[in-house]
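Structural features, examined
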Amino acid sequence: RRTHRSMSAQAAHPRENVFATVGLDCLLFLWDADAVACRGARSLRAGGTAVAVRGAAERALEDHVAVGYNTGALEVFGYPGLEPVRLPRGRGECASCAKYSPDGRLLALGSHDNAMYLHDAARNYAPWKALRGHSSYVKNVDFSFDSRLLQSSCGAYEIMYWDLATGPCCQGSSDSVEAATTR
């Protein structure tokens, strides 16, 4: 089968015209946007609820596809072959979103427990830091261009900005860091 019964998340490769999709049907697909065709597929251990694609900016880092599961686990696959790179390890709440930093060194995983979990993608995805402060599940995460700030939004429509060097929320939803997050 080459389609999802229900797609939960999608993420684009930062340098190629390829994107990944996951679903609660326990499938991961890679799609070629130019050819409008499936480039690869694999079965997952559980329902996929978040996905991110790392197109490594540094030659020392490899391209990866990270999948967050409805069990809260995180699993990482090689790109483009989708071979397992890191076996799942989780926290128990459903993963809601995932994003690699632009430099490819960090992976942020948003969760239904209202927190974001940062993994050191340059060091075998070791857990690095948990960021808490939202009053609802984390819906979206995004990094600044220089990978120093993280922006998150939640189900209660809060927007928070996090300084990754210090950890605590550095600005609330009424503030603007637009100048700091653009080139």
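This is a predicted model, so every value here is computed, not measured.

**Concerning the environment of R91**
You can see R91 is positioned in the loop between β8 (84-90) and β9 (95-100). Relative accessible area serves as the criterion here: at 39%, R91 is assigned to the partly exposed category. When the C-alpha atoms of R91 and A73 are compared, they prove to be 6.3 Å apart, with 18 residues separating the residues in sequence. If near-sequence neighbours (up to four positions away) are discounted, R91 is found in contact with G72, Y117, H119 and P127.

**Structural notes on the pattern of salt bridges**
Where charged atoms of side chains with opposite charge meet at close range, the side chains can pair. For the structure shown, the criterion picks out six salt bridges. The partner of R15 in a salt bridge is D63, and the shortest N-O contact between them spans 3.9 Å. Linking R15 in the loop between β1 (7-12) and β2 (18-23) with D63 in the loop between β5 (48-54) and β6 (64-69), this pair joins segments that are 48 residues apart in sequence. Ionic pairing is found between K99 and D142, a salt bridge with its closest N-O pair at 3.6 Å. Taken together, the residues K99 in strand β9 and D142 in strand β13 (residues 138-143) connect sequence positions 43 residues apart. We classify D142 as partly exposed; its relative accessible area is 37%.

**As for the side chain of T49**
With respect to the element layout, T49 can be found in strand β5. Reaching out from T49, the side chain makes a polar contact with the backbone oxygen of Y69 at a distance of 3.5 Å. Only 2.5 Å separates the side chain of T49 from the backbone oxygen of A95, close enough to count as a polar contact.

**Thoughts on the packing of aromatic side chains**
Applying the stated criterion to the full structure yields three aromatic pairs. On the basis of an interplanar angle of 20° and a centroid distance of 6.5 Å, the ring pair of F19 and W31 is categorised as stacked. With a gap of twelve residues between them, F19 in strand β2 and W31 in strand β3 (residues 27-32) connect regions that are remote in the sequence. Using a relative accessible area of 29% as the deciding quantity, one classes F19 as partly exposed. On the numbers, 5.3 Å between centres and 40° between planes, the contact of F29 with W31 is tilted. Residue classification places F29 among the buried positions, given a relative accessible area of 0%.

**Points about the confidence of the model for the chain**
For the chain, per-residue confidence averages 89 on the pLDDT scale, and 90% of positions sit at 70 or higher. Counting interchain partners and residues more than four positions distant, the pLDDT-below-50 stretch residues 175-183 has ten contacts.

**Examining unusual backbone geometry**
The phi torsion of most residues other than glycine is negative, and most of the peptide bonds are trans. In this structure, P80 follows Y79 across a cis peptide bond, with omega equal to 10°. Here P80 shows up in the loop between β7 (73-78) and β8. If you check the backbone angles, L82 has positive phi at about 60° while not being a glycine. Tracing the backbone shows L82 in the loop between β7 and β8.

**With respect to the sheet that holds strand β12 (residues 126-132)**
Strand pairing within a sheet occurs via backbone hydrogen bonds; the two strands may be parallel or antiparallel. Here we have four strands laid out as an open sheet, ordered β9-β10-β11-β12, and antiparallel in their pairing. Two strands lie at the open edges of the sheet, namely β9 and β12, each paired on one side alone. Put simply, the sheet's adjacent strands are angled 20° from each other on average, direction ignored. Here strand β10 (residues 106-111) runs beside strand β11 (residues 115-120); their pairing, made up of five bridges, is antiparallel. Counted as the bridge partner of L109 is Y117 from β11.

Definitions and limits used
- Chains are numbered independently. Their residues run from 1 in the order of the written sequence.
- Under the rules for a predicted model, residues below a pLDDT of 70 receive no local features and side-chain atom pairs below 80 are neither given nor counted, while totals for whole chains, interfaces and linings still include all residues.
- Each side-chain value is worked out from all heavy atoms of the structure, with water and hydrogens disregarded.
- Helix and strand labels come from DSSP, where a helix needs a run of H or I of at least four residues and a strand needs a run of E of at least two; each type is numbered from the N terminus.
- Burial status follows relative accessibility: with a 1.4 Å probe on protein chains alone, a residue under 20% of its type maximum counts as buried, one over 50% as exposed, and anything between as partly exposed.
- The contact definition used throughout considers only heavy atoms, calling two residues in contact when any of these lie within 4.5 Å.
- We count a salt bridge whenever a side-chain nitrogen from Lys or Arg sits within 4 Å of a carboxyl oxygen from Asp or Glu.
- Polar contact criterion, stated in full: a pair of N or O atoms within 3.5 Å, where within protein one must be able to donate a hydrogen and the other to accept it, and residues adjacent in sequence count only if both atoms are side-chain atoms.
- Only Phe, Tyr and Trp rings are paired, with Trp represented by its six-membered ring, and only when their centres lie within 6.5 Å; those with planes under 30 degrees apart are stacked, over 60 edge-to-face, the remainder tilted.
- Known as pLDDT, the predictor's confidence for each residue is given on a scale from 0 to 100.
- Being paired, for any two strands, means DSSP has found at least two bridges between them.
- To get an axis, fit a line to the C-alpha atoms, keeping to the stretch in contact for a helix; angles then go from 0 to 180 degrees between the N-to-C directions.

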